[in-house]
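Residues per chain are reported as follows:
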Amino acid sequence: MNILVIGGGGMVGVKLINRLAKDGKLGDAPITKIIRQDVVLAPPPPASAFPIETLIGDLSTPGEAEKLMALKPDVIFHLAAIVSGEAEADFEKGYRINLDGTRYLFEAIRKAGGGYKPKVIFTSSIAVFGAPFPDAIPDEFFNTPLTSYGTQKTICELLLADYSRRGFFDGVGLRFPTVCVRPGKPNLAASGFFSNIIREPLAGQEAVLPVPEDVRHWHASPRAAIGFLIHAATMDTGLLGNRRNVTLPGVSCTVGEQIEALRKVAGEKVVARIRREPNETIMKIVAGWPRNFEAKRGRELGFKAENSFEDIIRVHIEDEHGGKIA
């Protein structure tokens, strides 16, 4: 099993590669090689029983996708994208990286020929949905994104479904919840504060909350995110039919409920490190985001997430802090 991870230097990419290196196989197939590709040098690869090759390149540059497909990976995890806030701030960059890069990849696979038909796991987003919303969004809800990022992901979902229908590759699109609590430094995602108000206080630092506490959103941990990817890569895709894109399970909660969960897990001293500082730009973006999903189909297909936000916080403490709180 030869695996390519595009966006292998990002948080999810690094954690996925670490998990694959530890497992040594994907499903029942032994891994023979991992190729990790990104625009910047990733952290050093983990120890593994097979080679891990690092390639530096921009998928949105013409010719880059063809170089990757010449390596004939059996499974491609396409994680590369710029995040929501950055895509909204820089229209051209968002479409170049999030849409053009993905289309170049799909076209390079199609043109490879010789019966080459890899499995492609594409990370989409719940940003493909736009308000007004029901209390819990059903699997049949239509896509009306209200951000450029959501629009780019929606177009890529349609392309993935069509290229899969035509038999060019075996694709699965995963509509990720907001991954929380993200380790590391804050990024440019408009959703970053969901992680910030948990991560920084747990590390002994102050965090800024830019929205009201009644803002509700849909979350899953990084650990769950890696589980989503591995399950998608090993599942029977015949169960998807022509509906190649799946809304994944998660936890729906308000910011206030996030903070209360932090209080229960870590105490009042940690919660006191959150400072309210309203930001009209972020509030406007968040107002158009989905809040809750049924995700019945995703659960029936075997995807699993946490049952509560307290569980998500505990996963972060276990995985990033060795079980300790500052």
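For the structure given in this document, a descriptive report is provided here. (Residues numbered from 1 in each chain as written. Predicted model: local features only at pLDDT ≥ 70, side-chain atom pairs only at ≥ 80, totals over all residues. Heavy atoms only, no water.)

**Thoughts on the nonpolar core**
- Core analysis: the biggest nonpolar cluster contains 36 residues, and Phe-77, Leu-174 and Leu-229 have the highest contact counts within it.
- Listing elements by their share of this core, those giving two or more residues are β1 (2-6), α1 (11-23), β6 (75-78), β8 (170-176) and α7 (222-234).
- Here the element with the most residues in this core is α7; it accounts for eight residues.
- With sequence-adjacent residues up to four places away left out, Phe-77 is seen in contact with Ile-3, Leu-4, Val-5, Ile-6, Leu-16, Leu-20, Leu-26, Ile-121, Leu-229 and Ala-233. (Core = buried A, V, L, I, M, F, W, Y, C linked by side-chain atoms within 4.5 Å. Buried < 20%, exposed > 50% of the residue type's maximum accessible area, 1.4 Å probe, protein only. Helix = DSSP H or I, 4+ residues; strand = E, 2+ residues; numbered from the N terminus. Contact = heavy atoms within 4.5 Å.)

**Topic: the packing of aromatic side chains**
- According to the stated counting rule, one finds 13 aromatic pairs in the structure shown.
- Ring geometry for Phe-129 and Phe-141: centres 6.1 Å apart, planes at 50°, overall tilted. A residue pair is termed long-range when its members are at least 10 positions apart, and Phe-129 in the loop between β7 (119-125) and α5 (148-165) and Phe-141 in the loop between β7 and α5 qualify at twelve residues.
- Classification of Phe-129 as buried rests on a relative accessible area of 1%.
- Note on Trp-218 and Phe-293: the rings are 5.4 Å apart at their centroids and 55° apart in plane angle, and the pair reads as tilted. Of this pair, Trp-218 sits in strand β11 (residues 216-220) while Phe-293 is found in the loop between α10 (280-287) and α11 (296-300), placing the two residues 75 residues apart along the sequence. The same class applies to Trp-218 as to Phe-293, namely buried.
- Among the aromatic side chains, those forming a connected cluster through ring pairs are Phe-129, Phe-133, Phe-141, Phe-142, Trp-218 and Phe-293.
- Lys-72 extends its terminal NZ or CZ atom over the ring of Tyr-116, reaching a point 5.3 Å from the ring centre.
- For the cation-ring pair, Arg-110 lies above Phe-168, with the distance from its terminal atom to the ring centre recorded as 5.8 Å. (Phe/Tyr/Trp six-rings, centres within 6.5 Å; stacked < 30°, edge-to-face > 60°. Lys NZ or Arg CZ within 6 Å of the ring centre and 35° of its normal.)

**Things to note about the side chain of Arg-175**
- Inspection of the secondary structure puts Arg-175 in strand β8.
- A residue is classified by how much of its surface remains accessible, and Arg-175, at 9% relative accessible area, is buried.
- Looking at Arg-175, its side chain comes within polar contact range of the side chain of Thr-247, at 3.2 Å.
- Apart from the residues within four sequence positions on either side, Arg-175 is in contact with Ser-124, Ser-125, Ile-126, Val-128, Phe-129, Asn-143, Glu-157, Asn-245, Val-246, Thr-247 and Leu-248. (Polar contact = N/O pair within 3.5 Å; in protein donor to acceptor, adjacent residues only side chain to side chain.)

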